[in-house]
Structure formats: C-alpha cells, structure tokens
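Spelled out from the first residue to the last, the chains are:
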Amino acid sequence: MTKIINVKRLPKDSGPAAWNEILSPAQDYPELDGDIEADWVVVGGGFAGIAAARRLSQLVDGARIVLLEARRLAEGPSGRNSGFMIDLPHELNSQTYAGSPEEDHTQIHLNRLAIDFARQTAEAAGMSRAVFNPCGKVTGAASERGEQHILSYSRHLQALGEEFRLMSAAEMKALTGIDYYRKGLFTPGAVLIQPAAFIRMAAAEISSRVSICENSPVLSMDPGAQHLLHTPKGKVRARNLILAVNGHIQSFGYFPNQLLHVFTYASMTRSLAPQELARLGGATDWGILPADPMGTTVRRISDYDGSGSRLTVRNHFTLNQSMEIGKKEIQQAARLHDRAFATRFPMLKDVPMEHRWGGRLCLSWNSVPAFGEVEERVFSAACQNGLGTVKGTLSGMLAAELSVNGRSPLQDQFQSSYQPRRLPPEPFLSVGANAVMRWKEWMAGIEI
C-alpha cells in the first residue's frame, strides 16, 4: 500500500522579511504548473536548500534538479535572520557560547567548510562586500557581567588556539559611535551578509542548472521508488528528495516531539539622514553580538544601493510549538527593541523603526541536527540550532553529498550518533521553556 504523507502545515511568517523588503523587486521564478519529472527535488529555498541544489549541480552534472519554494525566495527565515556567518562556537544554550574543546574543534572545522562554500557561491554570483563581507565579528559587553562572559570566552578561544583581539571601550566607540560598550572581542573568521540579497543572487547563479519554482508548497508526498510530490498546481516525480525545510520537517511527519520552534524578533530603522549619520559617527558597516546570548544583537548596514545606512536591533525569544506568531508577540518584542535602541542611540531618539518582524529558529534539546536519510532516498537537512546561515549551508551541502555518494567521515562529524532528544510533554515544555527564557533575559540585564 502506498504511503501518503499529507503535509500538516505550511510556512507562515509575521511581519515583513525586512532584508528582502529593502531591496529592489526580486526576479520572479515560475510556479510549478503541470506534471514534471526530475532526478532530484529539493524542498525549501533558504540557505540549506540553495546549498543543497548548488552542491548537487556540482556532483551530478546534467541531472535534472528541481527546487520548490513554498513562497517567494528570501521571504521566509532566510530574509529574517541577523546575517552573521559565524565560524567559532556559538552555542545558544550556553552561558558563553562555548562547548567542550573536542566538540568545538569539530564545529569550527565544519563551520569553516560551510563559510568557504558560501564564499565560493558569492564569488560565482559576483556578490559585493555589501552582500558578503568577510570582516569578522565583534562581541560587545555593556556590563561587568558581560565583561566576564567575554573574558571567559577569550580564555576558551586561547585554549583552542584561535585568534582573537580584545577591544577597549574607546575602540568600541570608534567602531559604533556610541558609549554603550565597555569591552569587545574581535574574531576574524566570521562573515557579515545581507541575507536576502545572498539568497537571491545565489539562486540566480544556479538557475541555469536548477529549475526553481516559487509559490509551490508541497501539500503531500508519496515516497516510493519514484517519490511523488503534489503542489497546488502540479506534481513532481523524482527518485531522490532533500527536505531542506528546517523546523517544518515535522510538518512532513519526521522527528515528532523532538524539535523546539523558537522565534526571535528584530526591528530595523528607516534609512538614516546625513545629519543623523553625522551625529552617530563610527564606521559604516558593523555588527555587534551580545556577550550574553540573550542580549541584543545590533547591526549597522549600508543600503544596497548606497543611498544611506540603517540600524537593526534583535532580541527576545519565545517558544511557539505551533510554528506561528501574531501581532501580539511582535508588539511585545517591539517594546524591548525600542528600549534597547533608545539606551544605545540617544542621539537618534527621533528615528522610527520602519520594519518589525519575527523569525523562526529550530533547535533540538541536545543541540544536534535533524539530519540524514529518514527513509529510502529521502534526506533531511533540518534543525539548524539557531545558526541558519552557516548550519543551513552545511546541512544542505552534506545532504547533497550523502544523497549522491553515501556516508562519509565528514557527515559522521556533522551528525553524531545522537538523535534529537525527545521533549517533555505539553504544557510543561512551553511554560517551562518560556519561563527560563524570561529569567535569562532578566539576568542579562543591560546586555538586553
């Protein structure tokens, strides 16, 4: 008897995908209309899906590869993140981002492979530094507690043999233009990207080798000798399938009760006027990660057309196992954003926020991916544990390689022997997790 999987829910996102909104209108890709056949189908057009499709096009020259995106490219989580591609340990469940030395060495190696793949993509697509900027990252501390986090993390990096540089309050002001930060820690290996522009340009680069279909959500699928995927207006039949859908892997019935669906929130100003930029001072493009993982991330970015600069702030996390949020959650986060912006940028007190949004993260309780062959020739590249740009790229690359070449030592490094741990039952999970996050926010103090 044929096994039919009806997809339980389709992606829904609240607030605009701001990084996408500030760009010029995007190139259109057709909706799947009619019945087609392919060698590989990739479901999902974010960082994992684009990386999977690109890697497949390198491995299976001449094969027909189809990429299905439920909405428009860069409208989902890929157009909503903070745009950091981080090479070093960045464990969100940790107090100082770090894990054990052995695990961290492995993660650094894998993260750098992903960043190198992204760099190759950027070069092939002709991305400028406005889209892909290998400038490193800065972690900023605004409190004594934050300074202790930075010093602890610097000792861990020293033990790992990784390069870093501590920054004084004066250096932080020279970078940002503000007096808020007491200390900073610079590491050179990270990349700042304009995430929506990256996705758009990476998709355009592979579009001659990959058939991209937008507004083509998978409604159901029949796995078998030839997998059959149904969309609103068409069908795709293919021997191999990669599900690059992050948390929505559960909508296909895989990894039940094993994944945490966390939303984070951000706000972006309008383009700053010349006199406002003069009051702000500092460098033109930078990003500051908070010393406390629950703190506020801040970025200053140049508009893609070079007409001005904007500021973004991101903080606040909520667990929403429904995978949906509404205006209420965004309004609650907006109050935190406005406070964080006002305390950091008093010289810009009259500058309004133009965009506010929420973005989906997918984590597992034990911080392992939902990766691998979930049934014959169906491969999952999901659960990026809050690091969608790097982990998404990595899981997409490796899922493509797994589907073509089988297991390798590299995949064994990425996917440990552990599966995502089963979660506590509701309502204890949501009540407990959100209470812990509110407590951690309170403990973060002015790092928020």
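Residues numbered from 1 in each chain as written. Predicted model: local features only at pLDDT ≥ 70, side-chain atom pairs only at ≥ 80, totals over all residues. Heavy atoms only, no water.

Caption draft 1: Up close: the overall build of the protein chain. In terms of helices and strands, the protein chain carries 11 helices and 20 strands. Seen through its C-alpha atoms, the protein chain measures out along the principal axes to roughly 65 × 45 × 40 Å. Classification of the 448 residues of the protein chain by burial places 60% in the buried group. The contacts of the protein chain with a sequence gap of at least 6 include a subset with a gap of at least 24, amounting to 78%. When the accessible surface of the protein chain is totalled, it reaches about 17900 Å², and 52% of it is carbon and sulfur. Across the protein chain, 47 positive and 45 negative side-chain charges occur, with their mean positions spaced 4 Å apart. (Helix = DSSP H or I, 4+ residues; strand = E, 2+ residues; numbered from the N terminus. Buried < 20%, exposed > 50% of the residue type's maximum accessible area, 1.4 Å probe, protein only. Contact = heavy atoms within 4.5 Å. Areas by Shrake-Rupley, 256 points an atom, 1.4 Å probe, with all protein chains shown as cover. Lys, Arg positive; Asp, Glu negative; His and termini not counted. Charge placed at Lys NZ, Arg CZ, Asp CG, Glu CD.)

Caption draft 2: Spatial organisation of the packing of aromatic side chains. Following the criterion strictly, the structure yields five aromatic pairs and no others. Taking the centre distance of 5.6 Å and the plane angle of 80° together, the rings of Tyr180 and Tyr181 count as edge-to-face. An identical accessibility class is assigned to Tyr180 and Tyr181; each is buried. Relative to Phe345, the ring of Phe341 has its centre 5.0 Å away and its plane inclined at 35°; by these criteria the two rings are tilted. Connected via pairs of aromatic rings, a cluster forms that spans Phe47, Phe132 and Phe198. The ring of Phe117 has Arg54 lying over it, and the distance from NZ or CZ to the ring centre is 5.4 Å. Against the face of Phe84 rests Arg299, its NZ or CZ located 5.9 Å from the ring centre. (Phe/Tyr/Trp six-rings, centres within 6.5 Å; stacked < 30°, edge-to-face > 60°. Lys NZ or Arg CZ within 6 Å of the ring centre and 35° of its normal.)

Caption draft 3: Structural detail: unusual backbone geometry. In this structure, the amide linkage connecting Glu426 to the following residue, Pro427, adopts the cis form with an omega of 5°. Position of Pro427 among the secondary structure elements: in the loop between helix 10 (409-414) and helix 11 (428-444). Of note, Ala74 is a non-glycine position whose phi angle comes to about 70°, a positive value. Along the chain, Ala74 falls in the loop between strand 3 (65-68) and strand 4 (84-85). A relative accessible area of 2% means that Ala74 is categorised as buried.

Caption draft 4: Up close: the pattern of salt bridges. Tallying each qualifying case throughout the model produces 24 salt bridges. A salt bridge links Arg54 to Glu205, with the shortest nitrogen-to-oxygen separation between them at 3.3 Å. On the criterion of sequence distance, the pair formed by Arg54 in helix 2 (residues 47-59) and Glu205 in helix 6 (residues 195-206) is long-range, its members being 151 residues apart. Here Glu205 falls in the buried class, since its relative accessible area comes to 19%. (Salt bridge = Lys/Arg side-chain N within 4 Å of Asp/Glu carboxyl O.)

Caption draft 5: View of the side chain of Ser78. Looking at where Ser78 falls in the secondary structure, it is placed in the loop between strand 3 and strand 4. Leaving out residues up to four positions away in the same chain, Ser78 has contacts with Gly46, Phe47, Pro195, Ala196 and Ile199.

Caption draft 6: Seen up close, the pairing of strand 6 (residues 137-141). Most of strand 6 sits inside the fold, with five of its five residues counted as buried. Of the two faces of strand 6, the one carrying Lys137, Thr139 and Ala141 and the one carrying Val138 and Gly140 are both buried. Relative to strand 8 (residues 183-187), strand 6 runs antiparallel, the two being bridged by five bridges. The residue of strand 8 that forms the bridge with Thr139 is Leu185. Examined bridge by bridge, strand 6 and strand 15 (residues 286-290) share three bridges and lie parallel to one another. The residue bridging Gly140 from the neighbouring strand is Pro290, located in strand 15. (Pairing = 2+ DSSP bridges.)

Caption draft 7: Just the sheet that holds strand 14 (residues 259-269), in detail. An order of 7-8-6-15-16-17-14-18 is seen for the eight strands of this open sheet, with the pairing classed as mixed. Pairing within the sheet leaves two strands with one partner each, and these edge strands are strand 7 (165-167) and strand 18 (353-364). Pairs of neighbouring strands in the sheet enclose a mean axial angle of 25°, with direction left out of account. The pairing of strand 16 (residues 297-302) with strand 17 (residues 309-319) spans six bridges and is classified as antiparallel. Residue pairing for strand 17: Ile301 is matched across the bridge by Arg310. The sheet strands contacting helix 5 (residues 169-176) are strand 6, strand 7, strand 8 and strand 15, and the helix crosses strand 7 at an angle near 85°. Along the sheet, helix 11 contacts strand 14 and strand 17; its crossing angle with strand 17, the most-contacted strand, is approximately 135°. (Axes fitted to C-alpha atoms, helices over the stretch in contact; angles between N-to-C directions.)

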